[in-house]
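Each chain, letter by letter, is given below.
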Amino acid sequence: MYLALFGQEKKFLAFLESNPSDMEIFNLFKGCWYKPFNLNALSLDFLEESKDSLESRIREGYIIENLEIPLKDENFILEMPSSSFQKTIENYFNKIYKKLPCNMDDLFEELESQEEIYEKFIIILHLLQNGKIMYQKQTNFIYIPEGGKDE
Amino acid sequence: MNEISLLMYLLSRKDQLDEMGSTKEEILERLQISGRNKGFMFKKLIIELSKYISPLGLEIQYNPLNTHWFLTFKSSMNDLILANPFQDKPRLAATLFCAIILCLKSNGIAKIVELKKLRNKKEIRDDLKDLENLGYIKIIKNYNEINLTPLIGYQLNLEKLFMKLSLKLNV
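Residues numbered from 1 in each chain as written. Chains lettered and ligands numbered in written order. Predicted model: local features only at pLDDT ≥ 70, side-chain atom pairs only at ≥ 80, totals over all residues. Heavy atoms only, no water.

1. Some details on the packing of aromatic side chains
Turning to step 1, where the next piece is worked out: Within the structure shown, the criterion is met by 12 aromatic pairs over all chains.
Turning to step 2, where the next piece is worked out: Plain terms: the ring middles of Tyr34(A) and Phe70(B) are 5.8 Å apart, the flat faces sit at 80 degrees to each other, and that makes the pair edge-to-face. In this pair, Tyr34(A) sits in the loop between helix H3 (22-28) and helix H4 (44-57) while Phe70(B) sits in strand E5 (residues 68-73), so the two residues belong to two different chains.
Turning to step 3, where the next piece is worked out: Note on Phe70(B): relative accessible area 1%, which makes it buried.
Turning to step 4, where the next piece is worked out: Ring geometry for Phe86(B) and Tyr136(B): centres 5.8 Å apart, planes at 50 degrees, overall tilted. One end of the pair, Phe86(B), is in the loop between E5 and helix H4 (90-105); the other, Tyr136(B), is in the loop between helix H6 (125-133) and strand E7 (137-140), with 50 residues separating them in the sequence.
Turning to step 5, where the next piece is worked out: Residue Tyr136(B) is classed as buried on the basis of its relative accessible area of 3%.
Turning to step 6, where the next piece is worked out: Through successive ring pairs, a cluster of aromatic residues spans Phe29(A), Trp33(A), Phe86(B), Phe97(B) and Tyr136(B). (Phe/Tyr/Trp six-rings, centres within 6.5 Å; stacked < 30°, edge-to-face > 60°. Helix = DSSP H or I, 4+ residues; strand = E, 2+ residues; numbered from the N terminus. Buried < 20%, exposed > 50% of the residue type's maximum accessible area, 1.4 Å probe, protein only.)

2. Thoughts on the packing of helix H2 (residues 9-17) of chain A against H4(B)
Turning to step 1, where the next piece is worked out: For the pair H2(A) and H4(B), interaxial distance at closest approach is 11 Å and the crossing angle is 150 degrees. Seen along the crossing, H2(A) lies across H4(B) with a hand that is left-handed. Where H2(A) abuts H4(B), its residues Glu9(A), Phe12(A), Leu13(A) and Leu16(A) lie against Phe97(B), Cys98(B), Ile101(B), Leu102(B) and Lys105(B).
Turning to step 2, where the next piece is worked out: When its residues are assigned to classes, the contact of H2(A) with H4(B) shows 7 nonpolar, no polar and 2 charged. (Axes fitted to C-alpha atoms, helices over the stretch in contact; angles between N-to-C directions. Left-handed = near helix turned anticlockwise from the far one by under 90°. Contact = heavy atoms within 4.5 Å. Nonpolar A, V, L, I, M, F, W, Y, C, P; charged D, E, K, R; others polar.)

3. Focus: empty space enclosed by the protein
Turning to step 1, where the next piece is worked out: One pass over the full model with this rule turns up 1 cavity of 30 Å³ or more.
Turning to step 2, where the next piece is worked out: There is about 30 Å³ of room inside the largest cavity.
Turning to step 3, where the next piece is worked out: What lines the largest cavity is Leu16(A), Asn19(A), Pro20(A), Ile25(A), Cys98(B), Leu118(B) and Arg119(B).
Turning to step 4, where the next piece is worked out: Here the lining of the largest cavity is built from residues that sort into 5 nonpolar, 1 polar and 1 charged. (1 Å grid on protein atoms, 1.4 Å probe; cavity = no way out; pocket = protein on both sides within 12 Å on 5 of 7 lines; lining within 4 Å. Points joined across faces, edges and corners; volume = space filled by probe spheres on them.)

4. Quick word on the nonpolar core
Turning to step 1, where the next piece is worked out: The biggest cluster of nonpolar side chains holds 46 residues, and the ones touching the most others in it are Phe86(B), Phe97(B), Ile100(B), Ile146(B) and Leu156(B).
Turning to step 2, where the next piece is worked out: With 21 residues, the next largest nonpolar core counts Phe93(A), Leu100(A), Phe108(A) and Ile123(A) among its residues. (Core = buried A, V, L, I, M, F, W, Y, C linked by side-chain atoms within 4.5 Å.)

5. Describing the interface of chain B and chain A
Turning to step 1, where the next piece is worked out: Taken together, the contacts link 65 residues of chain B with 53 residues of chain A.
Turning to step 2, where the next piece is worked out: Counting the surface lost from both chain B and chain A, the interface buries some 5800 Å², and carbon and sulfur atoms represent 68% of this.
Turning to step 3, where the next piece is worked out: Arg119(B) is the partner of Asp22(A) in a salt bridge, and the nearest nitrogen-oxygen pair spans 3.0 Å.
Turning to step 4, where the next piece is worked out: Counting every contact that joins chain B to chain A gives 11 residue pairs in polar contact (both at pLDDT 80 or more).
Turning to step 5, where the next piece is worked out: Those elements that place two or more of their residues in the side of chain B that touches chain A are helix H1 (3-12), helix H3 (38-53), strand E4 (58-63), E5, H4, helix H5 (112-119), helix H7 (151-155) and helix H8 (158-170) of chain B.
Turning to step 6, where the next piece is worked out: Among the elements that line the side of chain B that touches chain A, the one with the most residues is H8(B), at 13 residues. (Buried area = accessible area lost by both parts, 1.4 Å probe. Salt bridge = Lys/Arg side-chain N within 4 Å of Asp/Glu carboxyl O. Polar contact = N/O pair within 3.5 Å; in protein donor to acceptor, adjacent residues only side chain to side chain.)

What is shown is where atoms sit, not what they do.
Laid out in structure tokens, this is it:
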């Protein structure tokens, strides 16, 4: 059932029936391992006690004050973007390359606004155009071409 | 106590070797979230917590074998902390890979005879015993079958593994 999601079940079996070497299969596992994080000390009782002790330490409420910033019209400077578009593209690439290969939809998963999705989509188009990433239509995967930044 | 504390507890708990974290239903129940938007609220909580724990080198993952959400160290750190349990045993890794494909193809159970055929080996009993001792599979002796335990879903990014294979086969 899970394999069917990838639509590649028959291809996977055909690959295994072609008698690949142990090392070839072993290499597929590279970069796919997790190390689970378990914290046995973190129990509900512990959290309750921590909360109580933290609350008892805060004796005074926080004071919120207005911050006064003097306006100096004569020094007004038009704000320019801090980095060029090329730099923006590179920064985005550096942010996503560890995720690759992945489904294209995954790149938009955490974005909350339409504006952000549009901006990142434009950057992805630029990255595709300059060959930093590739798109596979059959699987909807984005990946780094061979010889590109190694995983 | 806030949602983050409770989520950290629910996602980092380990009841047995092959049971860590919590299901979506358990999380929603403990946080007392219900109603039409509970799915959206759950997704938002997971995303918010991901951002919160990212500087600590942690991330949230999903185990498709038992539908539990759990915490892992970031994938970029795995090379440093030697997450690969088959470092010098490619033979075992290959047998496990065949077992994963066969089990996921047929509702979690695979026949040993089919596995042997796929591995193209005369004998795979030792491999299966080793994998059982490591906690990845259970051998159902009377039926000559095996099934996967949820453990491999906690240690291996199955989605990424299948993506890598899809790319390899389609390029």
